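# Summary of the model geometry
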Amino acid sequence: MERKKNNFFSARNIAYLAVLTALVIVLQLWGSTIPVGAGGLNLSFVLVPLTLGAIMLGPWAGLILGFVFGFVVLMTGVTGANFFTSYVLNDSPFFTVVTVLLKGMAAGFIAGVLNNVIKKKNKYVAVFVAAAAVPLINTSLFVLGALCMSGSLNAFVNSYMPDFAGRNIMYIIIVGLVTVNFFIELAINMVCAPALYTIDTVVEKRIVKKYNKHSEAENSVKEKEES
């Protein structure tokens, strides 16, 4: 489904963005209750609506949804609902805020750009590339941010991940924190995002078709009345 670039703030796009924003908030709050991996990080189910927004509405929608995603993660850290985020936020506030906000915003924006470029040749390939790009970019930027907080991570590992104590920081990040999460999030995104996008496209086509038939019928009646 294609939206015109100059019509981003149409009623339809705003409605889509509102629904996807609500999904991001709800799914992140729900996902924050499901720890995965040795470090107790949480799954990001929000990557699905974030990807859908980037595909259906473009890069700027992906960036907005990515910001909402990051903001909710930070709030779970502030409130203590997400223990890992709360810990690093207290120990390295600057790098935590930058990493959490940047990884979601960059993932959504870049996925939207990739989709816009690739769909000119093949829209189905574009959807799958965008779906794969979001968790890949999100995780890659998390790794970079985690490297900037190596001191905080080492302290966290020594206190709460004794099996990884004394290990190389890259080993801790890749094996202890992100590997399991990444592959689960990638699988969920690769299955759900293209499927939901296809359903949305089919439904909208039917709605447009019915609307056009209704308009044609009304025009036909008006023409008969005028004649």
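Residues numbered from 1 in each chain as written. Predicted model: local features only at pLDDT ≥ 70, side-chain atom pairs only at ≥ 80, totals over all residues. Heavy atoms only, no water.

## Some words on the overall build of the protein
Across its full length, the protein holds eight helices and two strands. The N-to-C order of helical and strand elements in the protein reads α-β-β-α-α-α-α-α-α-α. Counting every position in the protein, which comprises 227 residues, the buried fraction comes to 45%. Roughly 12,100 Å² of accessible area belongs to the protein as shown, and the carbon and sulfur atoms make up 68% of that amount. (Helix = DSSP H or I, 4+ residues; strand = E, 2+ residues; numbered from the N terminus. Buried < 20%, exposed > 50% of the residue type's maximum accessible area, 1.4 Å probe, protein only. Areas by Shrake-Rupley, 256 points an atom, 1.4 Å probe, with all protein chains shown as cover.)

## Structural notes on a nonpolar patch on the surface
A grouping of L144, L147, M170, Y171, I174 and V175 is seen on the molecular surface, where their side chains present a nonpolar patch of about 470 Å² in accessible area. Every element with two or more residues in the nonpolar patch is listed here: helix 6 (123-148) and helix 8 (169-226). If you tally residues by element for the nonpolar patch, the top one is helix 8, at four residues. If you trace the backbone, L144 turns up in helix 6. (Patch = residues over 30% accessible without salt bridge, like charges linked within 9 Å, V, L, I, M, F, W, Y side chains within 5 Å. Salt bridge = Lys/Arg side-chain N within 4 Å of Asp/Glu carboxyl O.)

## Looking at the packing of aromatic side chains
Under the counting rule described, the total for this entry stands at 14 aromatic pairs. Ring geometry for F84 versus F156: centroids 5.1 Å apart, planes at 90°, classification edge-to-face. Taken together, the residues span a long stretch of sequence, with F84 in helix 4 (residues 83-91) and F156 in helix 7 (residues 150-160) at a distance of 72 residues. Comparing F84 with F156 shows no difference in burial state: the two are buried. Pairwise contacts between aromatic rings join F83, F84, Y87, F142, F156 and Y160 into one cluster. (Phe/Tyr/Trp six-rings, centres within 6.5 Å; stacked < 30°, edge-to-face > 60°.)

## Here's the deal with the confidence of the model for the protein
Chain-level pLDDT for the protein is 84 on average; 80% of the residues reach the 70-or-more range. No element of the protein has a lower mean pLDDT than strand 1 (residues 35-36), which averages 62, and none a higher one than helix 5 (residues 93-118), which averages 96. With pLDDT under 50 throughout, residues 1-5 is counted as low confidence; its partners more than four residues away or in other chains account for 13 contacts. (pLDDT = per-residue confidence, 0-100. Contact = heavy atoms within 4.5 Å.)

## Digging into helix 2 (residues 47-57)
Within helix 2, 11 of the 11 residues are buried, leaving the element largely enclosed by the surrounding structure. L47, V48, P49, L50, T51, L52, G53, A54, I55, M56 and L57 are the residues of helix 2 that are buried. Looking at the residues trailing helix 2, positive phi occurs at G58, about 105°.

## Concerning the packing of helix 1 (residues 11-31) against helix 2
With their axes 9 Å apart at the nearest point, helix 1 and helix 2 run at an angle of 165° to one another. With respect to helix 2, the axis of helix 1 lies roughly antiparallel. Relative to helix 2, the crossing made by helix 1 is left-handed. Contacts between helix 1 and helix 2 involve N13, Y16, L17, L20, L23, V24 and L27 from the former and P49, L52, G53, M56 and L57 from the latter. A per-class count over the contact of helix 1 with helix 2 returns 10 nonpolar, two polar and no charged. (Axes fitted to C-alpha atoms, helices over the stretch in contact; angles between N-to-C directions. Parallel < 35°, antiparallel > 145°, perpendicular 65-115°, else oblique. Left-handed = near helix turned anticlockwise from the far one by under 90°. Nonpolar A, V, L, I, M, F, W, Y, C, P; charged D, E, K, R; others polar.)

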